[in-house]
Amino acid sequence: LRLRATLVDRTITAQTIIIIVFDEKSLAASGRWPWSRQKVATMVNNLADAGVAVVAFDILFSEPERNPADSVTQHLEANNIVAPPILLKARDALDADAIFAASLNSTDVVLGILFQGDASITQGELPFSVVKSEGISDLSKMTRISFNNYESNIKILQSQTPGSGFINASYDGDGIIRRAALVAEYNGQFYPSLALEAARLLTLTDSIDMEIAHVGSGIQQITGVKWGKELIETDSVGRVLIPYRGDRNSFPYISASDVLNGNFAPEMFEGAVVFVGTSAVGLGDLRSTPVGLTYPGVEIHANVLEGLLAPEILPYQPDWWEAAVGITLIVLGVFCVFLFPTIGPLSLSITVIVLLVLT
């Protein structure tokens, strides 16, 4: 309630952030999901021609797309028919993965990684990390968000993209997403989130540094992340509170089919950061947030990026806040136990209202 009440005073940054979604309109106009990567490549090329600064995919490409030439060849061979030479020559022209990989060089593109707690899942190629962690003396004594495995993108795509970031959500105990992890650890190496990597590429920074603090008994914790001259304070595991701009659709939304077909004004994309994700109900990327219970996950990344580019709008919550709340409740409880029996109904009502407002 407090968050919603303060949204009207929320500062909006000058950086243009646009969301492109595979929505119901896209699926109806251009076919069911997943689309061929030839279409996705066309989208990237159209965005690059329009002057986009960064394109970040809240989507995984963890399996190769089947080449139709291979399917036809296998069918012919199964029926003891020799494939004609023209079919073999057409294979490269029909290789959607290679076409998509080539488009990744047209502008700065960030591909997503999904880390997993299940150690049996490994898919795709894990990229080289740009997060420096030299200040860590003993990883086993460090507070952090850690994973056992990952799903990433196929090698031909991962080798061509200039950046990668994880797309994992950080849920609170009640299932609501209020915080976002900026860094996470896998196999001793830290990796940036999708929004943090997009911020790095946008600001033309080579690497990301983690601020590490010693808190006694050899324990270390994260206090912030830094790229260039920008320092973002975090909690002890590298998370920040998400500075939600408002309800869903607070950022400009464009249907993927319009980008594919060039039905947009190019000037609106000049210098923009674009997040590509899904919003169709059947594609399952709707999350519970303080500003909406069916909030597109891709828009969460957009909110985080805006906070990273304008740290003054990032709400900061120190690690001791829960202890402070507990102590405050105990003190107020004891105070009320002794005060309430001594005052009348009107004074009691006024006191309760004042206490609610103050806390």
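Refer to the structure above for everything that follows.
These figures come from a predicted structure and were not determined experimentally.

(A) Seen up close, a nonpolar patch on the surface. Taken together, the side chains of I330, V334, V337 and F338 define a hydrophobic patch exposed on the protein surface, amounting to about 440 Å² of accessible area. Tracing the backbone through its elements, the reader meets V337 in helix α11 (residues 321–339). Overall, the relative accessible area of 56% leaves V337 in the exposed class.

(B) Summary view of the packing of aromatic side chains. Under the counting rule described, the total for this entry stands at 12 aromatic pairs. An angle of 45° between the planes, with centres 4.3 Å apart, marks the rings of F22 and W33 as tilted. Here the residue F22 occupies a position in strand β1 (residues 17–22), and W33 occupies one in the loop between α2 (24–30) and α3 (37–49), the gap between them amounting to 11 residues. Taking the relative accessible area as the measure of exposure, F22 reaches 1% and is therefore buried. Centre to centre, the rings of F22 and W35 are 5.0 Å apart; their planes meet at 85°, and the pair counts as edge-to-face. Taken as a pair, F22 in strand β1 and W35 in the loop between α2 and α3 lie far apart in primary sequence, 13 residues in all. A single burial state applies to F22 and to W35, both of which are buried. Aromatic ring contacts, followed pair by pair, group F115, F147, Y150, F166, Y186 and Y191 into a single cluster. Geometry around W35 places K39 over its ring, the cationic atom sitting 5.5 Å from the centre.

(C) Representation of the side chain of N153 in the model. Within the secondary structure, N153 sits in the loop between β8 (149–151) and α7 (155–158). Reaching out from N153, the side chain makes a polar contact with the side chain of Q158 at a distance of 3.0 Å.

(D) Expanded view of unusual backbone geometry. A cis amide bond links W33 with the next residue in sequence, P34, at an omega value of 5°. You will see that N187, though not glycine, has its phi angle at about 55°, which is positive. Assignment of secondary structure puts N187 in the loop between β11 (183–186) and β12 (189–192). Not every positive phi belongs to a glycine, and L204 is a case in point at roughly 55°. With respect to the secondary-structure elements, L204 resides in the loop between α8 (194–202) and β13 (208–214). Classification of L204 by relative accessible area gives exposed; the value is 72%.

(E) Representation of the packing of α8 against helix α10 (residues 297–309) within the structure. In the contact formed by α8 and α10, the axes pass within 8 Å of each other and the chain directions differ by 45°. Relative to α10, the element α8 is oriented oblique. Between α8 and α10 lies a crossing of right-handed hand. Seen from α8, the contacting residues are L194, A195, L196, A198, A199 and L202; seen from α10, they are H301, V304, L305, L308 and L309. Grouping the amino acids of the contact of α8 with α10 by side-chain chemistry returns 10 nonpolar, 1 polar and no charged.

(F) Region of the structure containing the pattern of salt bridges. Overall, the coordinates contain 10 salt bridges when judged by the stated rule. In this structure, R179 engages D172 in a salt bridge whose closest nitrogen and oxygen atoms are separated by 2.8 Å. Per residue, the accessibility class of R179 equals that of D172, and both read buried. R287 is paired through a salt bridge with D285; the nearest N and O atoms lie 3.0 Å apart. Here D285 falls in the buried class, since its relative accessible area comes to 10%. Within this structure, D172, D174, R178 and R179 form a network of salt bridges that share partners.

About the cut-offs
Residues numbered from 1 in each chain as written. Predicted model: local features only at pLDDT ≥ 70, side-chain atom pairs only at ≥ 80, totals over all residues. Heavy atoms only, no water. Patch = residues over 30% accessible without salt bridge, like charges linked within 9 Å, V, L, I, M, F, W, Y side chains within 5 Å. Areas by Shrake-Rupley, 256 points an atom, 1.4 Å probe, with all protein chains shown as cover. Salt bridge = Lys/Arg side-chain N within 4 Å of Asp/Glu carboxyl O. Helix = DSSP H or I, 4+ residues; strand = E, 2+ residues; numbered from the N terminus. Buried < 20%, exposed > 50% of the residue type's maximum accessible area, 1.4 Å probe, protein only. Phe/Tyr/Trp six-rings, centres within 6.5 Å; stacked < 30°, edge-to-face > 60°. Lys NZ or Arg CZ within 6 Å of the ring centre and 35° of its normal. Polar contact = N/O pair within 3.5 Å; in protein donor to acceptor, adjacent residues only side chain to side chain. Axes fitted to C-alpha atoms, helices over the stretch in contact; angles between N-to-C directions. Parallel < 35°, antiparallel > 145°, perpendicular 65-115°, else oblique. Left-handed = near helix turned anticlockwise from the far one by under 90°. Contact = heavy atoms within 4.5 Å. Nonpolar A, V, L, I, M, F, W, Y, C, P; charged D, E, K, R; others polar.

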